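Spelled out from the first residue to the last, the chains are:
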Amino acid sequence: MGKDVIIACDFDSAEKTLEFLDKFKGKKPFVKIGMELYYAAGPSIVKAIKDRGHKIFLDLKLHDIPNTVKKAMAVLSHLGVDMCNVHAAGTKRMMSAAIEGLTRPDGTRPLLIAVTQLTSTDEETMHNDLLISEPLDKVVMHYAKNAEEAGLDGVVCSPLEAGKVHSVCGNKFITVTPGIRFAGGDVGDQKRVTTPAMAKELGSDYIVVGRPITAAEDPVAAYEQCIKEFIG
Ligand code: C5P
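Scope of this entry: the structure provided in the associated data block. The structure presented is a predicted model; accordingly, all values stated were derived computationally and were not measured.

Moving on: the site of the ligand. With respect to spatial proximity, 18 residues lie near the ligand, and among them D10, K32, T119, R181 and R211 are the closest. Within the side chain of K32, a nitrogen or oxygen atom sits 2.7 Å from an oxygen atom of the ligand. For the ligand, whose accessible area on its own is 470 Å², the fraction buried by protein is 88%. If you list the elements that add at least two residues to the shell around the ligand, you get β3 (56-62), β8 (206-209) and α9 (211-214).

So, in structure tokens, the structure goes:
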């Protein structure tokens, strides 16, 4: 499993994103395109970043009835991204439909992973707002197992859960972990956070880092710090 740092390019225009990526000169970091950028700039920004030679995680977190997700995934399958995702809360049936839609006529498809519980949700919020009364850990493992049974390649979870997900679903099952902050950094709206070094220790396969890089005074230095801590 290739460990990597994925930069969450949460910008509201193509211009800002490409200007940000220009700072990296010859480097081609793995890029995450989320809702903000995709809703602002659409498929053309995916193509532009891909044409520059970056790998892309298209983080649109689909969650709808199985037929709608299947058809939406069939459209996304032609964008040539490396990874995309759904919410595991959409059920095993929805996740199986997502795989069907994502698989191209030649049998290939991008990696498909499922969000377990958002890293901005802590156990208390999950109990009070979502009325899910089980422990957070148990819910994450159950959703991960559902994703595995539906044939997905991995999950999005907190680094704090990565090791346990691997022990439940195997080491080949990918853990993609947001909620990364440098020691002493601003947590913002995230709750279940760790440093890049801790994420490595806990067994994450990919870390997703947004504001600690995009809002840094020197984003390239912040990215390199992540690489140093996470990959070594
Ligand atoms: O800026 P920050 O490092 O908090 O960004 C984290 C990124 O990861 C955001 O783009 C967010 O949408 C995404 N994400 C997350 N938690 C999940 C799934 C995705 O924070 N469970």
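Back to the text.
On to the packing of helix α6 (residues 136-149) against helix α7 (residues 159-169). The interhelical angle for the contact between α6 and α7, taken along N-to-C directions, is 45°, at an axis separation of 10 Å. In terms of axis orientation, α6 runs oblique to α7. As α6 packs across α7, the resulting crossing turns out to be right-handed. The residues of α7 that touch α6, namely those facing L136, D137, V140, M141, A144, K145 and E148, are E161, K164, V165, V168 and C169. Looking at the contact of α6 with α7 residue by residue, the classes come out as seven nonpolar, no polar and five charged.

Counting residues in each nonpolar core, the largest one holds 59 residues, and the members touching the most others are L58, M73, V86 and I213. Take this core: its biggest share by element is seven residues, from α6. Those residues within four positions of I213 in sequence are excluded, and the remaining contacts are V5, I7, F20, F24, P219, A222, Y223 and C226. Grouped together as the second largest cluster of nonpolar side chains are 12 residues, A8, M83, V115 and Y206 included.

Parameters at a glance
Residues numbered from 1 in each chain as written. Predicted model: local features only at pLDDT ≥ 70, side-chain atom pairs only at ≥ 80, totals over all residues. Heavy atoms only, no water. Near = heavy atom within 4 Å. Polar contact = N/O pair within 3.5 Å; in protein donor to acceptor, adjacent residues only side chain to side chain. Areas by Shrake-Rupley, 256 points an atom, 1.4 Å probe, with all protein chains shown as cover. Helix = DSSP H or I, 4+ residues; strand = E, 2+ residues; numbered from the N terminus. Axes fitted to C-alpha atoms, helices over the stretch in contact; angles between N-to-C directions. Parallel < 35°, antiparallel > 145°, perpendicular 65-115°, else oblique. Left-handed = near helix turned anticlockwise from the far one by under 90°. Contact = heavy atoms within 4.5 Å. Nonpolar A, V, L, I, M, F, W, Y, C, P; charged D, E, K, R; others polar. Core = buried A, V, L, I, M, F, W, Y, C linked by side-chain atoms within 4.5 Å. Buried < 20%, exposed > 50% of the residue type's maximum accessible area, 1.4 Å probe, protein only.

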